[in-house]
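# Results of the structural survey
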Amino acid sequence: MINKFFYSLKANRRLIENFVSLISLKGIDFLIPLLIFPYLIRTLGLDKFGLLAFSSAFNVYFGAIIHYGYSVTAVRDIARIRNDKSDLNRLYSILITLSFLLLILSLIVVTLLVLTIPSLNKNLLLHIYSFFYISMISFFPSWFFQGIEEMKYIAYINLITKILYIISLFFLVLEPEDYLLVPLLNGFFMLLSVFFSFIVIHKFFKVKYIRPSIKDVLNVLKKGRHAFIIQLAPSLYNATTTFILGVTTTNTMVGIYASATKLIDALNSVSVIISNTFLPYLSIDILGHKVFSKIMWFTGITLLVLSYIFSDILIVFLYGTENLIVSSWFRLLLPMVLFIFIRNTYGPTYLMLIDKEKLYKNIVLCTCLVFFVLSIILVPIYVLNGAVFIMTGTSFIMAVLTLYAFIKRKNSF
């Protein structure tokens, strides 16, 4: 079955190349936490590390707005028109314009909030620098390269800029007082990535920017609303949990929680590698989903089991014996890995590809809204236990509902 599947791929070689490129790209994202977070925790301490996590959680909402669900909708739409240069120019121009307008709007809102809310104003520069970094991540046009299945270009760009970032971090961030340099340096090198990506798009792929009409931008805004809500909704429980911890507890508590969740995020990046590799192909031929789902299940279960068995060793190696407390919270959060693998298997790479975006949006949105309300109630009372319940509970319910929706509709295609 697997051999038949790969034989049937018209762009088999390209799929493998994209997989290798995504491994390189996401592999960097996986390795960076293993290099940077231990260094930051040891250099800045859990207190300042928690403050950085709090600021990132505040700005994540705006990052989701700027990105506007492009990781699915833009990839899908570009994959379907990539051989038509005229349509490609037009769609690319609309997407870039919309993303830029949302960035400007977000910047205005962030600035107003930071200037007017005292608890945010006392760390004004930190929040502005964090917004700079997160906005550049969201503005980076990885969706274009995924859609045309040329991921090697952004792998090269990110490899160079991330290496430069790591080197600069190790040379410049030497004590707790240097914590502001972390988001500033990250934002600067992410800006370089954005700049070079546009050079590649315009010079190598000869894609032209054509000023779109307001009507075209509004149409894409309307069309992408379901995917946007799907991408934004997890922030309602994910970032909000960190944000509430920062408001109601200490930075050290946030640091412990963030240290565990950053490793969970690194493990979940594996699901992004696999799903993003197959997304352009599945956008054209959904019949390949059966093999794709087997790969996702096997990988998710394997990561979960191995991480649980070696959690103490992993935490001591990364964060030091003095921070072994992170291990117990890491183990409690580990089921999220399998749940997110399941959701990524049947949500973005199935339901959204068979025009069930609204259904998937409702699953994600309703679940996140319920747990968003619960987070406001439970996290201040139960602190880290409440945060773990919110994170694992939300991902579990979304996984179950997404899998159920898939089972009901799998025979229709």
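The preceding data block contains the structure.
Turning our attention to the overall build of the protein. Broken down by element type, the protein carries 17 helices and zero strands. When the 413 residues of the protein are sorted by exposure, 56% land in the buried category. By sequence separation, contacts in the protein at least 24 residues apart represent 83% of the contacts at least 6 residues apart. Here the protein has roughly 18400 Å² of accessible surface; of this, 70% comes from carbon and sulfur atoms.

As a further point, take the pattern of salt bridges. When the charged atoms of two side chains with opposite charge come close together, those side chains can pair. In total, this model carries four salt bridges according to the counting rule given. In this structure, Asp47 engages Lys48 in a salt bridge whose closest nitrogen and oxygen atoms are separated by 4.0 Å. Here Asp47 falls in the partly exposed class, since its relative accessible area comes to 35%. The closest approach of N and O atoms between Arg331 and Asp312, which form a salt bridge, is 2.9 Å. Residue Arg331 is found in helix H15 (residues 325-333), and its partner Asp312 is found in helix H14 (residues 311-319); the two are separated by 19 residues along the sequence.

Bringing empty space enclosed by the protein into the picture now. This structure, assessed with the given rule, holds two cavities of 30 Å³ or more. In this structure, the second largest cavity spans a volume of roughly 40 Å³. For the lining of the second largest cavity, the secondary-structure elements that each account for two or more residues are helix H8 (152-172) and helix H9 (181-204). Here the lining of the second largest cavity takes four residues from H9, the largest share from any one element. Taken together, the residues of the lining of the second largest cavity break down into three nonpolar, three polar and one charged.

With that settled, consider the environment of Lys48. By secondary structure assignment, the location of Lys48 is in helix H2 (residues 12-67). For Lys48, a relative accessible area of 22% corresponds to the partly exposed category. Once the C-alpha coordinates of Lys48 and Thr252 are considered, the two residues, 204 residues apart in sequence, prove to be 7.7 Å apart. With near-sequence residues (within four places) excluded, Lys48 lies in contact with Pro176 and Tyr179.

Taken together, Lys85, Lys203, Lys206 and Lys208 make up a surface patch of like positive charges. Owing to a relative accessible area of 58%, Lys203 belongs among the exposed residues under this scheme.

With respect to the secondary-structure elements, Thr43 resides in helix H2. With relative accessibility at 15%, the residue Thr43 sits in the buried group. C-alpha separation for the pair Thr43 and Asp178, spaced 135 residues apart in sequence, amounts to 9.3 Å. Once you skip the residues sitting within four places of it in the chain, Thr43 turns out to touch Val173, Leu174, Glu175 and Pro176.

This brings us to the nonpolar core. Proteins that are soluble and globular tend to have nonpolar side chains buried together. Ranked by size, the top nonpolar core spans 122 residues in total, and within it Leu40, Trp143 and Phe144 carry the most contacts. Sorting elements by how many residues they give to this core places helix H17 (residues 357-409) first, with 16 residues. Filtering out sequence-adjacent residues up to four positions away, Phe144 remains in contact with Ile78, Leu88, Tyr92, Ile201, Phe205 and Val207.

What counts as what
- Residues numbered from 1 in each chain as written.
- Predicted model: local features only at pLDDT ≥ 70, side-chain atom pairs only at ≥ 80, totals over all residues.
- Heavy atoms only, no water.
- Helix = DSSP H or I, 4+ residues; strand = E, 2+ residues; numbered from the N terminus.
- Buried < 20%, exposed > 50% of the residue type's maximum accessible area, 1.4 Å probe, protein only.
- Contact = heavy atoms within 4.5 Å.
- Areas by Shrake-Rupley, 256 points an atom, 1.4 Å probe, with all protein chains shown as cover.
- Salt bridge = Lys/Arg side-chain N within 4 Å of Asp/Glu carboxyl O.
- 1 Å grid on protein atoms, 1.4 Å probe; cavity = no way out; pocket = protein on both sides within 12 Å on 5 of 7 lines; lining within 4 Å.
- Points joined across faces, edges and corners; volume = space filled by probe spheres on them.
- Nonpolar A, V, L, I, M, F, W, Y, C, P; charged D, E, K, R; others polar.
- Patch = residues over 30% accessible without salt bridge, like charges linked within 9 Å, V, L, I, M, F, W, Y side chains within 5 Å.
- Lys, Arg positive; Asp, Glu negative; His and termini not counted.
- Charge placed at Lys NZ, Arg CZ, Asp CG, Glu CD.
- Core = buried A, V, L, I, M, F, W, Y, C linked by side-chain atoms within 4.5 Å.

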